[in-house]
Amino acid sequence: MRREEDKNTKSTIIQSAEYLAHLDEDRIREQTVKDHLYGTAELAGKFAERFGKKEWGYCCGLLHDIGKYSDAFQTKIKSNSNRQVDHSTAGAKVCLEKGGCYQFLSYCIAGHHAGLPDHGGSADGDDAPTLMGRSRKKIEDYSAYKTEIQIPELRSLPFDESETPDADFSLSMFIRMIYSCLVDADFLDTECFMKNGITDRNSGESMEILLEKLERHISGWLSNTGTETVNGRRTEILRHCLERGKEKPGMFQLTVPTGGGKTIASLAFALRHAVANGMDRVIYVIPYTSIIEQNAGVFRDILGEQNVLENHYNVDYESTEELKPMQLVSENWDKPVVVTTNVQFFESLYANKSSKCRKLHNMANSVIIFDEAQMLPTDYLKPCLAAMEELVRQFRSSIVLCTATQPALQPLFRTQTQITELCPGVQEQFRFFERVTFQNIGTVTEEDLSDRLRQEMQALCILNTKKRAQKLYQQIKEDGVFHLSTSMYPKHRQRVLKNIRNRLVNGQKCVLISTSLVEAGVDLDFQTVYRQLAGVDSMIQAAGRCNREGKRDVKESVVSIFQFGERENVPGQQLQIDVAKSLLAQGEDISSLQGIQKYFEALYHFRGESLDRKNILKLFKNPKPQFAYNFDGIAKEFKLIEEDTKTIFINCEPEADDILRQIKQQGYTKAVMRKAGQYCVQVYENEFDKLKGAGMIKPVSGEIKEFYELISEEQYSEDMGLDLGVDSGMAILM
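Residue positions are given per chain, counting from 1 as you read along its sequence in written order. Whole-chain, interface and lining totals are the exception, using all residues; otherwise, since this is a predicted model, local features are given only for residues with pLDDT of at least 70 and side-chain atom pairs are given and counted only at 80 or more. As a rule here, side-chain values cover all heavy atoms of the structure and leave hydrogens and water aside.

To continue, consider the nonpolar core. Definition of nonpolar core: a set of buried residues of the types Ala, Val, Leu, Ile, Met, Phe, Trp, Tyr and Cys, connected through side-chain atoms within 4.5 Å. Categorising residues by exposure relies on relative accessible area from a 1.4 Å probe, with only protein chains included: less than 20% of the type maximum marks a residue as buried, more than 50% marks it as exposed, and the intermediate range marks it as partly exposed. Phe345, Phe346, Leu349, Tyr350 and Phe370 are the most contacted members of the largest nonpolar core, which has 160 residues in total. For this analysis, residues touch if any pair of their heavy atoms sits within 4.5 Å. Phe346 has contacts with Phe370, Leu376, Pro377, Cys384, Met388, Phe638 and Leu640, leaving out every residue within four places of it along the chain. Formed by 43 residues, the second largest nonpolar core is a distinct cluster that contains Tyr284, Val337, Cys423 and Ala520.

Before going further, it helps to examine helix α5 (residues 102-110). Numbering of helices and strands runs from the N terminus, with a helix taken as a DSSP run of H or I at least four residues long and a strand as a DSSP run of E at least two residues long. Burial runs high along α5: 8 of the 9 residues are buried. Where α5 is concerned, the buried positions are Tyr102, Phe104, Leu105, Ser106, Tyr107, Cys108, Ile109 and Ala110. Tucked inside the fold, the buried residues of α5 contact α2 (54-63), α4 (89-98), α6 (131-135), α7 (167-194) and α23 (631-637).

A word on the packing of aromatic side chains. Two rings belonging to Phe, Tyr or Trp (six-membered ring only in the last case) form a pair when the distance between their centres is within 6.5 Å. Interplanar angles under 30 degrees mark stacking, angles over 60 mark edge-to-face geometry, and anything in between is tilted. Tallied over the full model, the rule gives 30 aromatic pairs. When the centroid spacing of 5.1 Å and the interplanar angle of 80 degrees are considered together, the rings of Phe51 and Phe395 count as edge-to-face. Taken together, the residues Phe51 in the loop between α1 (33-49) and α2 and Phe395 in the loop between α15 (381-393) and β10 (398-403) connect sequence positions 344 residues apart. Of the two residues, Phe51 and Phe395, neither departs from the other in class, the shared state being buried. Ring centres 6.5 Å apart and planes at 45 degrees place the aromatic pair Tyr350 and Phe620 in the tilted group. Here Phe620 lies in the loop between α22 (593-607) and α23 and Tyr350 lies in the loop between α13 (342-349) and α14 (354-357), a separation of 270 residues in the sequence. No difference in accessibility class separates Tyr350 from Phe620, as the two residues are buried.

Right, let's get into the pairing of β10. The two faces of the sheet receive side chains in turn, since in a regular strand these alternate between them. Burial analysis of β10 places 6 of its 6 residues in the buried class, the great majority of the element. What you see with β10 is no split at all: Ser398, Val400 and Cys402 on one side and Ile399, Leu401 and Thr403 on the other are buried throughout. Note that strand β5 (residues 251-255) and β10 share 5 bridges and pair parallel. Each residue of the ladder has a partner; that of Gln253, found in β10, is Leu401. Across 5 bridges, strand β9 (residues 366-371) lies against β10 in parallel orientation. Across the sheet, Ile368 pairs through a bridge with Ile399, a residue of β10. The pairing criterion for strands is at least two bridges between them, as found by DSSP.

Locating Gln394 in the fold gives a position in the loop between α15 and β10. Gln394 sits 235 residues away from Phe159 along the chain, and the two C-alpha atoms are 7.2 Å apart. If sequence neighbours within four positions are ignored, Gln394 has contacts with Phe51, Phe159, Glu163 and Thr164.

Across the protein, the average pLDDT comes to 89, with 93% of residues at 70 or higher. Under a pLDDT of 50 for its full length, residues 314-326 has, in the predicted model, 29 contacts with residues more than four places off or in other chains. Residue range residues 728-734 is modelled with pLDDT below 50. Its contacts to residues more than four positions away, or to other chains, number 8 contacts. Each residue carries a pLDDT score, the predictor's confidence in it, ranging from 0 to 100.

We now examine the side chain of Asp184. Residue placement: Asp184 occurs in helix α7. There is a polar contact of 2.8 Å between the side chain of Asp184 and the side chain of His361. Excluding anything up to four places from it in sequence, Asp184 contacts Phe47, Asn332, Arg358 and His361. Counting of polar contacts relies on pairs of N or O atoms within 3.5 Å, with two restrictions inside protein: one atom must be capable of donating a hydrogen and the other of accepting it, and residues adjacent in sequence are counted only when both atoms are side-chain atoms.

Okay, the environment of Val400 next. When you line up the elements, Val400 lands in strand β10. Taking the C-alpha atoms as reference points, Val400 and Gln253, 147 residues apart in sequence, are found 5.0 Å from one another. Excluding residues within four positions of it along the chain, Val400 makes contact with Phe252, Leu254, Phe269, Val367, Ile368, Ile369, Phe370 and Leu422.

Before going further, it helps to spend a moment on the packing of α4 against α5. To define axes, lines are fitted to C-alpha atoms, for helices over the stretch in contact only, and angles between the resulting N-to-C directions are given on a 0 to 180 degree scale. For the pair α4 and α5, the least separation of the axes is 7 Å and the interaxial angle reads 165 degrees. As summarised for this structure, α4 and α5 are arranged roughly antiparallel, according to the angle between their axes. Along this stretch, α4 crosses α5, giving a crossing that reads as left-handed. Contact residues: α4 offers Gly91, Ala92, Cys95, Leu96 and Lys98, while α5 offers Tyr102, Gln103, Leu105, Ser106, Ile109 and Ala110. Of the residues contributing to the contact of α4 with α5, the split by class is 7 nonpolar, 3 polar and 1 charged. Each angle is binned into one of four classes, with values under 35 degrees roughly parallel, values over 145 roughly antiparallel, values of 65 to 115 roughly perpendicular, and all other values oblique. Two helices cross in a left-handed way if the nearer one is turned anticlockwise from the farther one by less than a right angle. They cross in a right-handed way if the turn is clockwise. Charged means Asp, Glu, Lys or Arg here, nonpolar means Ala, Val, Leu, Ile, Met, Phe, Trp, Tyr, Cys or Pro, and polar covers whatever is left, Gly included.

Looking now at the sheet that holds strand β6 (residues 281-286). If you walk across this open sheet you meet the 7 strands as β7-β8-β6-β9-β10-β5-β11, and the pairing is parallel. In this open sheet, the two strands that pair with only one neighbour each are β7 (308-311) and β11 (419-421). Along the sheet, successive strands turn relative to each other by an average axial angle of 20 degrees, direction set aside. Inspection of the sheet shows β5 paired to β11 by 3 bridges, in the parallel sense. Residue pairing in the sheet places Gln253 in a bridge with Glu421 of β11. Set on the sheet, helix α10 (residues 262-276) makes contact with β5, β6, β9 and β10; between it and β9 the angle comes to about 165 degrees.

And the structure:
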């Protein structure tokens, strides 16, 4: 190899007979195309081997960059030119021309930078971003690849069609999984070269070591064989989960009443199950970040900081060098225990961009636990369940549905799926852990409710809307009365919760007016609870904040269900409320296992086709032409959180002021936006429009249209948060 200086450009031209894929930042070390392709192929094959498709991953990795064999690309890299040279289309063309199973790999190779494309049609020109457009695109001659690369044989089919209820959907999932193997392998091989093998990655310890750590942690508990105490019952459930961990992979459920110790029991099952079946990791999928932070803390205490990845919007792994390895593995979930959200998990499964899909292959051969399974997104329930089925059937994973209010999911699976219960004697456990008495007090006025709450010493009242919670709080506001809702930014809520916990423990007066945000992942123990009529699962979750420690008499620990005379709009919850109201009118015991079952059966029946609101599954059915998938279009449709809220930044603390100044001076980064999230309130469009119309907010900058700051300081208070009672007729003349 020689380097010569171009007198016209003053750049160094590398004279090398070899085909180069990468040069390091100093343009000294070289990686040949052949080395990169074989390195990527080995890694992608290793990843695909987890679900029995090593040759597919290997072949995809070997062909993904053969476009770099063109003279144009070699001139570009050796002269350090900025010229754009398409190197992704070549491998896709080869796969399409070869036909058969190879054509499935064309999606992966064409999209390994830009994302899995839509198939497109016969009318697409060579400039279209679709697979058909790419197939017609004229690219530089890359035939020199034949001197160094031989196309591997694909001797197996993607899956056994007799084992899947929908071959079209299964194939789309298979393509996504191979794509994940490719893009992660491509990134890792390139990263390894660029950093000369020093990548700062730490994949954590083995499942065997983690199981030993857990067994040491629980060893003292297992000697408890009694069943007449709370700890004895928790141990009974824990011991049973350990024993069932030896089962073969499949679909499981853990139906444990509140207080039954499901967090440790589910971890025990998962680790024993992973070791028994040679599985790679445990993934916890949780609806609320508050529960994630709580559970991840428990897991870290038992298993060690280096073995647990907490992956959601509010966690920041970029702020210090010490956390850099965690930031790296958050991109592909290469840790033995991953704790994440429903949104992250399912949107990744239906995504098409490499940044979101890198982690998919690490969902294979894993134990996946859905905590608070009743919170699976109802609008997308059927596509979520279809993806879960594929992970079990085709990708060697096990799934555990973990909750106290088990949803009636079995009829919604596409095939007769056997679900194994992990909790021993579920009916008896629920009878033992009964801690409260439900009473339906019917229709009340706000004045009636206010009078009741004024008589209470330690009571929680949960309402369906932020506006109603603020209004009731104002009516009974005095010392010892608190308000909590998402109209307060997260840091503010944490301060209030700390104060509330202290008052409850010290026996002081504490009446809390709240929205549903306290129903899960918030450890509070009140003497009585009032809950506005809501979904049965929400009302049972609310009851979990009453007599939580079981120290008071069940008959004295009352959960009162009430409703107001007038109907109010509760976005996304009206059907749940109506179904629960019907069951109560029939005299159904909503806290019983039978009552919970009836609730979910009725809810899913009335939802019908809207359990797949965007018709995601139909988009995969019988594509024309065959195997013509619209990966890009479907990724845009599958959004668990619709863009119907706006973000308002509340600048009323020194740290918040520093963050806002940093955004305005340096722009947005992922790290600073994660920090900003601790000082943000989300509001619906109608609330936002009123605040904007009143001149109380303004955009932070033009980069993110949904990000505003509150400029009317009096609109946010320490006791109530952001006041949403803005008159739509208000206006401020500027």
